[in-house]
Amino acid sequence: MITLKSKREIETMAESGALLASVHKELRKFIKPGITSWDIEVFVRDYIESHGAIAAQIGYEGYKYATCCSINDEICHGFPRKKVLKDGDLIKVDMCVNLNGAISDSCWAYVVGKSTDEIDRLMAVTKKALYLGIEQAQVGNRIGDIGHAIQSYAEQEGYGVVRDFIGHGIGPTIHESPAVPHYGVAGKGLRLKEGMVITIEPMINTGTWKMKMDPNGWTSYTLDGGLSCQYEHSIAITNEGPLLLTSQGEEGTY
């Protein structure tokens, strides 16, 4: 079932999203060579809890951590761990915040230390793909318009668009209807209505879109070992256009 949110509910989700965005801002300064993704996990959990919120991923469908920390060829749901990060690692940090019952969800990508041209281009294309999808999150448009905008751009740039993991509705729980694929046909799918709140979170690979699963049952990897990047926002569908709930007014800047 799809729940349409009231103006007040969207305002509370924006408050949750602002806190989540502030965590990501702090991570820009925190992430550097020599730390581990476990250090990121501890930092994020402490930050969220010290601001009166709950790290909502902990316990969700049995997941144990406040963050998903996916490195290099890991597409998503990477466990935080004590492997040291080095120059040129591409890490995607995904998290959910519950602030006074309002849920927000966002993933940002970070390069550790010195970057490369390959990583810079992948990050830029992934970020642009996200915003092209957001532009289509308009009342009266269809879910397929979002996926088509992302897929057509990313594939034109020579990248693969992951099919196995997609965006979703959010609130009152982390994962709600509708499903929001990052591929598809324009003009097809569910029509978007005012009050829907969804995530758009394209996962873009340097090679094939296909993936393989880790035996842990959570972490996915690119099938060919290529790099994968992800950015994600929570978005409210409004009559005034898409409202980014996890940006702190910094659209496109990360």
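Presented here is a report on the structure given in the accompanying data block.

Conventions and cut-offs
- Residues numbered from 1 in each chain as written.
- Predicted model: local features only at pLDDT ≥ 70, side-chain atom pairs only at ≥ 80, totals over all residues.
- Heavy atoms only, no water.
- Pairing = 2+ DSSP bridges.
- Helix = DSSP H or I, 4+ residues; strand = E, 2+ residues; numbered from the N terminus.
- Contact = heavy atoms within 4.5 Å.
- Axes fitted to C-alpha atoms, helices over the stretch in contact; angles between N-to-C directions.
- Phe/Tyr/Trp six-rings, centres within 6.5 Å; stacked < 30°, edge-to-face > 60°.
- Buried < 20%, exposed > 50% of the residue type's maximum accessible area, 1.4 Å probe, protein only.
- Disulfide = S-S within 2.5 Å.
- Polar contact = N/O pair within 3.5 Å; in protein donor to acceptor, adjacent residues only side chain to side chain.
- Salt bridge = Lys/Arg side-chain N within 4 Å of Asp/Glu carboxyl O.
- Expected span 1.5 Å × (residues − 1).

**Quick notes on the sheet that holds strand β6 (residues 160-161)**
Spatial strand order, β6-β10-β13: three strands in an open sheet with antiparallel pairing. Each of the sheet's edge strands pairs with one partner strand only, and the pair in question is β6 and β13 (228-230). As defined by bridge partners, strand β10 (residues 203-205) adjoins β13 across three bridges and the pair is classed as antiparallel. Residue M203 lies in a different strand from β13, and its bridge partner there is Q230. The sheet strands contacting helix α3 (residues 117-135) are β10 and β13, and the helix crosses β13 at an angle near 40 degrees.

**Concerning the packing of aromatic side chains**
Throughout the structure, instances matching the rule amount to seven aromatic pairs. Judged by centre distance (5.3 Å) and plane angle (55 degrees), the rings of Y65 and F79 are tilted. Remark: F79 occurs in the loop between β3 (74-76) and β4 (90-99) and Y65 occurs in the loop between β1 (54-55) and β2 (67-71); sequence separation between them is 14 residues. For Y65, a relative accessible area of 17% puts it in the buried group.

**Details of the pairing of strand β14 (residues 233-238)**
With respect to burial, β14 is a largely interior element, six of its six residues being buried. Burial along β14 is two-sided: the face carrying H233, I235 and I237 and the face carrying S234, A236 and T238 are both buried. Direction of pairing for strand β9 (residues 197-200) relative to β14: antiparallel, over a ladder of four bridges. The partner of V197 across the bridge, within β14, is A236. Across four bridges, the pairing between β14 and strand β15 (residues 241-244) is antiparallel. If you follow T238 over to β15, its bridge partner there is G241. Here β14 hands over to β15 after two residues, the two strands then running antiparallel side by side.

**Description of the state of the cysteines**
This model, assessed by the stated rule, comprises zero disulfides. In this structure C76 is a free cysteine whose sulfur lies 7.4 Å from that of C68, the closest cysteine sulfur available.

**A short note on the side chain of S228**
Within the fold, S228 resides in strand β13. Only 2.7 Å separates the side chain of S228 from the side chain of N205, close enough to count as a polar contact. With residues up to four places along the chain from it excluded, the contact list for S228 reads N72, E74, I75, L90, K92, L122, I204, N205 and T222.

**Observations regarding the pattern of salt bridges**
Applying the stated rule across the entire model yields eight salt bridges. E11 serves as the salt-bridge partner of R8, at 3.4 Å between the closest nitrogen and oxygen. In this pair, R8 and E11 are both assigned in helix α1 (residues 7-30), three residues apart and thus about one turn of the helix distant. One salt bridge in this structure joins K86 and D89, with 3.1 Å as the shortest N-O distance. A single network of salt bridges, built from pairs that share partners, joins R8, E11 and E15.

**Points about α1**
A rise of 1.5 Å per residue sets the reference length of α1, with its 24 residues, at 34 Å; its end C-alpha atoms lie 35 Å apart and thus fit the reference within 8%. Here α1 has its buried residues at I10, M13, S16, G17, L19, L20, A21, S22, V23, H24 and L27. Residues of α1 that are buried make contact with α2 (37-50), β4, β5 (102-111), β9, β14 and β15.

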